[in-house]
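Chain and residue survey
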Amino acid sequence: MLNLPPEADPAVAAEVDSLVAEHGRDRGALLPVLQEVQRRHGEISDLAVQVVADRFGVPPVDVLGVVTFYRFLAGRRGRHVVRLCRTLSCAMAGADDIGARLERELGVPMGGTTDDGAVTVEWVHCIGQCDRAPAMLVDDDAVGDLDGDRAAETVAAVRARDRTLRDEVAVRVGPTDDQRSP
Amino acid sequence: MPVPARNAPSPGAGTSTTVSVTVDGTRIDVPAGVTILDAADSAGIRIPTLCHHPDLRDAGVCRVCVVEVAGQRGLQAACTYPVTDGVAVRTGSLRVTQARRDVVDLLLAEQAGDCPACLRYGRCELHDLAAEVGAGGLDCPAPEPGRLVDLLGPSVAVDLNACIGCLRCVRACAEVQGIGVLGVVGRGPSTQVSTYGGLPLSQVSCIDCGQCVSHCPTGALQAVDGTADVLAALADPTKHVVIQTAPAPRAAIGEEFGLPAGTAVTWQLNTALRMLGFERVFDTTFAADLTVIEEGTELLLRLYRALVQGDTAVALPQFTSCSPGWVKDLELRYPEYLANLSSCRSPQQMFGSLLKTWYAPAHGLDPADVVSVSLMPCTAKKFEAARPELTHDGRPDVDVALTTRELARMVRGRGIALTDLAPSDFDDPFGTATGSGVIFGVTGGVMESALRTVVEWVTGQPGEEYLTHADLAPVRGFDGVRYAEVTFDRVGPVPPILTGLLPDLEWLRGVTLRVAVAHGTANAHRVMEDIRAGGLFASCHFIEFMACPGGCLGGGGQPVPVTPAVRAARARAFYAEDEHYGATGRTRKSHENLALQRLYRDVLVDGPCGPTSRRLLHTTYTARGTYLPVGGEPGAEPAP
């Protein structure tokens, strides 16, 4: 019996239960549920892993096995993920310089996430945009034929859109934790 | 939790289609869909394997069993390749033997560490395989660091530097036991077997059953070693070191000395133990008989409260509590059923309690100088011995629980040739055991023992006229679970030992006692789910649960390797000893044990389940739940 301690956030279990109601508790639904948790919170917490394991009827270490197998499920993720290709065609077309420019623009090293949780920037291997090298993925969209300026402008626009959306939401329902002044 | 069927059917298997396959030029007719490995085996052709185990679903991870299949470019794993009509296989070609040698070389390269220092040295399946295929000597860099090492115990020690990734432990824990505390994390070269968050076993929902140890081919998983403490005590002249031995180790320890499985060496072992320096050698089956008296009484008292007093709060069915792995499993996963557990301690613990509280003073010994050791087939007994409620004056009732393998090491280490020794008997005052106690170690044995006594108490007739182990019948849809009914068509007077507890036994006239027996915790979980759902087992009165497959004879502390055939041979040894007792005039019923009767006359004077018994021989349990307090981020990259 999964005996959650009193200090455990009940919202986690409630959210997992609603996801299970939507996707089912067949083992094949494990990945979509984990991805959704990751998408909503930027990470899959230990508590979420244990609740997911309990609801799916699989051992917690099995769920951890899934989470640690896929890089896109591990660690913290920003609300938007920028993936810059480092494979041969893009590398020869100057991906290293693009990477350095993105790091300066966002103020985080490759693999890092901005403080406001908006953007994670990381290297990725071939995304099949070799004819438009150097290229990157911004969430699910491919952006190719990059130079330093174009790459910087693209991520700046992503951050601006993110800020605007969150300001709109804050007006309607109140500020989120990271928008409140410390 | 739902557990996949252990042997998922391959396509076409279970049908009546027969196909013709050729293995090494020999034509064999086999059912469609069986694996090449099984097909070859049916023709007496041996293909070496490693990750294959008859208890487990095949995973095909080690690649030792690769063979040539005509028409396939790459070599195929025989354990997971289903045959089709006309398939031709070569198991011993030069290509295959070279590949096998390379595979074993790579497996050896998975390990870091010092083989001669390992307790499995000389008994390691990987080494045997390497010798067989001619592997060894491949110069490879050491594997990645960061593997789980957990030597804290209390029962199982983990050093995954010796792990070769066969996943037998993972499969045993998940499939055979339905526990699943071992899993595979990471990917590619970082793939490794681990627990949740790399936590020690004592902090995850491990039940200490040791089936992982039982199935591990190397020294990566072992029982925590208590031999050093025991040898130190034996060498200490101020200590009075006694040992109680259980029947399951006695039926199996011969395997460590070259005897076939199922050869009991009980009497020679007694001699060996005295040669090691134990001052007294006692028989745990004495305490097994004691457990029958206490637990049988407890059952009748529960039934009386339920059937006569109409007490709806009384917990039925009563669950046996002598398997500490099962007890911990219930405490973790079904804590709402704690009240169903018999309050009786296990035989090991009843014995330990009597040793420290009665035996010591009765023999002029300070309990602090008595070192109580047990020989058990079980790794969970180490956990049980360390339970805080099973102590007196802050000292454990059982100081060290040794596994069969540990004791075999001690005997070998002293150069004792066990099989050449003369037999000798157990020591009094606990030496007299009955055949009943002897069969505790096999699944169904506790039930049969208990009913021999309970039925005779109630009816005045021998228990075997109502139930023998042949009457315990498998339950459809429940692997590893059996069921029986006993109807009390007659009742007699209340037997003297129960006087004062029950006014009469009339209330049992015509009552049908429903009992069940389950072994292996995956099967136990299915029974628990059925009870939760109000099914057949919810209507039972008494259920015997054993954590390990086959019962204690298949315990995590027994000689390895273990297979269904080995367990069956050990089971035969138990029943043979039971019959031998009857044939040689020794009693087969717990309540006829004379030394036991003296104990109730002189020590447990207020009778079974009375205040003295409750204080010395009963216990309480702890609701645990399966929440794992981790902290930190799961899914974070493991530290380099």
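Residues numbered from 1 in each chain as written. Chains lettered and ligands numbered in written order. Predicted model: local features only at pLDDT ≥ 70, side-chain atom pairs only at ≥ 80, totals over all residues. Heavy atoms only, no water.

Points about the pattern of salt bridges
The final tally for this structure, using the stated rule, is 46 salt bridges over all chains. As a salt-bridge pair, Asp-399 of chain B and Lys-356 of chain B come within 2.8 Å of each other at their nearest N and O atoms. Of the two residues, Asp-399 of chain B is situated in the loop between strand S16 (395–396) and strand S17 (400–403) and Lys-356 of chain B in helix H11 (residues 347–362); the sequence distance between them amounts to 43 residues. A residue is classified by how much of its surface remains accessible, and Asp-399 of chain B, at 31% relative accessible area, is partly exposed. In this structure, a network of salt bridges that share partners links the residues Glu-15, Glu-36, Arg-39 and Arg-40 of chain A. (Salt bridge = Lys/Arg side-chain N within 4 Å of Asp/Glu carboxyl O. Helix = DSSP H or I, 4+ residues; strand = E, 2+ residues; numbered from the N terminus. Buried < 20%, exposed > 50% of the residue type's maximum accessible area, 1.4 Å probe, protein only.)

Thoughts on the sheet that holds strand S5 (residues 88–90) of chain B
Within a sheet, neighbouring strands are paired by backbone hydrogen bonds and run either parallel or antiparallel to one another. All names here are of chain B. The strand order across the open sheet built from 5 strands is S2-S1-S5-S3-S4, with neighbouring strands paired in mixed fashion. The open sheet terminates on both sides in strands that have one partner only, identified here as strand S2 (26–31) and strand S4 (76–77). Pairing of strand S3 (residues 66–69) with S5, which is carried by 2 bridges, proceeds in the antiparallel orientation. For Glu-68, the partnering residue across the bridge sits in S5 and is Arg-90. Strands in contact with helix H2 (residues 94–109) are S3 and S5; relative to S3, the strand with the most contacts, it is inclined by about 155°. (Pairing = 2+ DSSP bridges. Contact = heavy atoms within 4.5 Å. Axes fitted to C-alpha atoms, helices over the stretch in contact; angles between N-to-C directions.)

Digging into the packing of helix H9 (residues 284–307) of chain B against H11 of chain B
Think of two packed helices as two axes; the pair is described by the angle between the axes and how far apart they sit. Residue and element names in this part refer to chain B. Running from amino to carboxyl end, H9 crosses H11 at an angle of 105°, the nearest separation of the two axes being 8 Å. As summarised for this structure, H9 and H11 are arranged roughly perpendicular, according to the angle between their axes. Here H9 contributes Thr-284, Phe-286, Ala-287, Ala-288, Leu-290, Thr-291 and Glu-294 to the contact with H11, which in turn contributes Pro-347, Gln-348, Met-350, Phe-351 and Leu-354. Per-class residue counts for the contact of H9 with H11 are 8 nonpolar, 3 polar and 1 charged. (Parallel < 35°, antiparallel > 145°, perpendicular 65-115°, else oblique. Nonpolar A, V, L, I, M, F, W, Y, C, P; charged D, E, K, R; others polar.)

Thoughts on the pairing of strand S11 (residues 240–245) of chain B
Residue and element names in this part refer to chain B. The buried fraction of S11 amounts to 6 of the 6 residues, a majority that puts the element mostly inside the structure. Residues of S11 alternate between two faces, with His-240, Val-242 and Gln-244 on one and Val-241, Ile-243 and Thr-245 on the opposite face, all of them buried. Bridge analysis of S11 against strand S14 (residues 370–376) gives 6 bridges, and the strand direction is parallel. Residue Gln-244 lies in a different strand from S14, and its bridge partner there is Ser-374. Pairing between S11 and strand S12 (residues 280–283): 4 bridges, direction parallel. Bridged to Gln-244 within S12 is Phe-282.

Focus on the interface of chain B and chain A
Residue-level contacts link 32 residues of chain B with 27 residues of chain A. Where chain B touches chain A, the interface holds 0 salt bridges. Broken down by secondary-structure element, the contributors of at least two residues to the side of chain B that touches chain A are strand S8 (183–185) and helix H10 (324–333) of chain B. Here the element with the most residues in the side of chain B that touches chain A is S8 of chain B; it accounts for 3 residues. Class assignment of the residues belonging to the side of chain B that touches chain A gives a composition of 15 nonpolar, 11 polar and 6 charged.

Here we look at the nonpolar core
Counting 80 residues, the largest nonpolar core has Phe-319 and Phe-537 of chain B as the members making the most contacts within it. If you tally residues by element for this core, the top one is helix H3 (residues 46–56) of chain A, at 7 residues. Apart from residues no more than four positions distant in its own chain, Phe-537 of chain B is found in contact with Pro-317, Val-475, Phe-478, Val-481, Ala-516, Val-527, Asp-530, Ile-531 and Ile-543 of chain B. Among the nonpolar cores identified, the runner-up in size contains 51 residues, and Leu-301, Phe-430, Leu-451 and Leu-616 of chain B belong to it. (Core = buried A, V, L, I, M, F, W, Y, C linked by side-chain atoms within 4.5 Å.)

Observations concerning the packing of aromatic side chains
Within this structure, the stated rule accounts for 11 aromatic pairs over all chains. Between the aromatic rings of Tyr-304 of chain B and Trp-507 of chain B, the centroid separation amounts to 5.1 Å while the plane-to-plane angle is 70°, which identifies the pairing as edge-to-face. You can see Tyr-304 of chain B sitting in helix H9 and its partner Trp-507 of chain B sitting in the loop between strand S19 (478–487) and strand S20 (512–519), a full 203 residues away along the chain. Summarising the burial analysis for this pair, Tyr-304 of chain B and Trp-507 of chain B share the class buried. Relative to Phe-537 of chain B, the ring of Phe-478 of chain B has its centre 5.0 Å away and its plane inclined at 80°; by these criteria the two rings are edge-to-face. Pair noted here: Phe-478 of chain B is in strand S19 and Phe-537 of chain B is in the loop between helix H16 (521–532) and strand S21 (542–546), with a separation of 59 residues, a long-range link. Summarising the burial analysis for this pair, Phe-478 of chain B and Phe-537 of chain B share the class buried. Between the NZ or CZ atom of Arg-187 of chain B and the centre of the ring of Phe-69 of chain A, over which it lies, the distance is 5.1 Å. Positioned over the ring face of Phe-383 of chain B is Lys-328 of chain B, at 4.3 Å from the centre of the ring. (Phe/Tyr/Trp six-rings, centres within 6.5 Å; stacked < 30°, edge-to-face > 60°. Lys NZ or Arg CZ within 6 Å of the ring centre and 35° of its normal.)

Some remarks on helix H15 (residues 445–459) of chain B
Taking 1.5 Å per residue, 15 residues should reach 21 Å; H15 of chain B reaches 21 Å between its end C-alpha atoms and fits that length. In the stretch just after H15 of chain B, Gly-460 of chain B is the one whose phi turns positive, near 80°. (Expected span 1.5 Å × (residues − 1).)

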